[in-house]
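Reading the structure
Letter by letter, the chains look like this.
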Amino acid sequence: MLPDLPEKIVKYVFNLDAGEHLDRYCRKCDDITDQVAISFSELPELRDNELERFAGRLLDIIPLAPVFGGKPTACRCGTVNR
């Protein structure tokens, strides 16, 4: 069996921490702001229809997708950052 990985690493690799607050750079605010982690299915380009939302949910559970594609977050100004 695989060794137990710390919970934080598993959540990062699989994007399972939606709702977590992170301090990240916002392109629109041009500053470091408190942002909320979101699912890939909440990205503007993937939320138009149910098939695209399903593809976004699959990206959440594909190992390392957040590592290579960036974890999506939403700033308080409404901008989605990755």
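Residues numbered from 1 in each chain as written. Predicted model: local features only at pLDDT ≥ 70, side-chain atom pairs only at ≥ 80, totals over all residues. Heavy atoms only, no water.

Here we take up the pairing of strand β1 (residues 21–26). Where β1 lies against strand β2 (residues 31–37), 6 bridges are found, and the strand directions are antiparallel. From the neighbouring strand, D23 faces β2, where its bridge partner is D34. The antiparallel pairing of β1 with β2 creates a hairpin that spans 4 residues between the two strands, and D30 there sits at a positive phi of about 55°. (Pairing = 2+ DSSP bridges. Helix = DSSP H or I, 4+ residues; strand = E, 2+ residues; numbered from the N terminus.)

All right, on to the pattern of salt bridges then. If you walk through the whole model with that rule in mind, you get 1 salt bridge. Linking E42 and R53 is a salt bridge whose minimum nitrogen-to-oxygen distance equals 3.2 Å. Taken together, the residues span a long stretch of sequence, with E42 in the loop between β2 and α2 (50–61) and R53 in helix α2 at a distance of 11 residues. Residue R53 is classed as partly exposed on the basis of its relative accessible area, which comes to 29%. (Salt bridge = Lys/Arg side-chain N within 4 Å of Asp/Glu carboxyl O. Buried < 20%, exposed > 50% of the residue type's maximum accessible area, 1.4 Å probe, protein only.)

With 5 residues, the main nonpolar core is built from I38, F40, L43, L46 and V80. If near-sequence neighbours (up to four positions away) are discounted, L43 is found in contact with P72, V80 and R82. (Core = buried A, V, L, I, M, F, W, Y, C linked by side-chain atoms within 4.5 Å. Contact = heavy atoms within 4.5 Å.)

To continue, consider the environment of C26. Mapped onto the fold, C26 is located in strand β1. Considered as a pair, C26 and G78 are 52 residues apart in the sequence and their alpha carbons are 10.0 Å apart. Residues in contact with C26, not counting those within four places in the same chain, are D31, T33, Q35, C75, C77, T79 and N81.

On to the side chain of S41, then. Here S41 lies in the loop between β2 and α2. Polar side-chain contacts of S41 include one of 3.4 Å to the side chain of R57. With residues up to four places along the chain from it excluded, the contact list for S41 reads L46, R47, R53, G56 and R57. (Polar contact = N/O pair within 3.5 Å; in protein donor to acceptor, adjacent residues only side chain to side chain.)

Attention shifts here to the confidence of the model for the protein. On average, residues of the protein carry a pLDDT of 80, and 83% of them reach 70 or more. Per-residue pLDDT, averaged within each element of the protein, yields its smallest value for helix α1 (residues 7–14) (70) and its largest for β2 (92). (pLDDT = per-residue confidence, 0-100.)

Okay, the side chain of S39 next. Residue position: S39 is located in the loop between β2 and α2. One polar contact links S39 to S41, side chain to side chain, over a distance of 2.9 Å.

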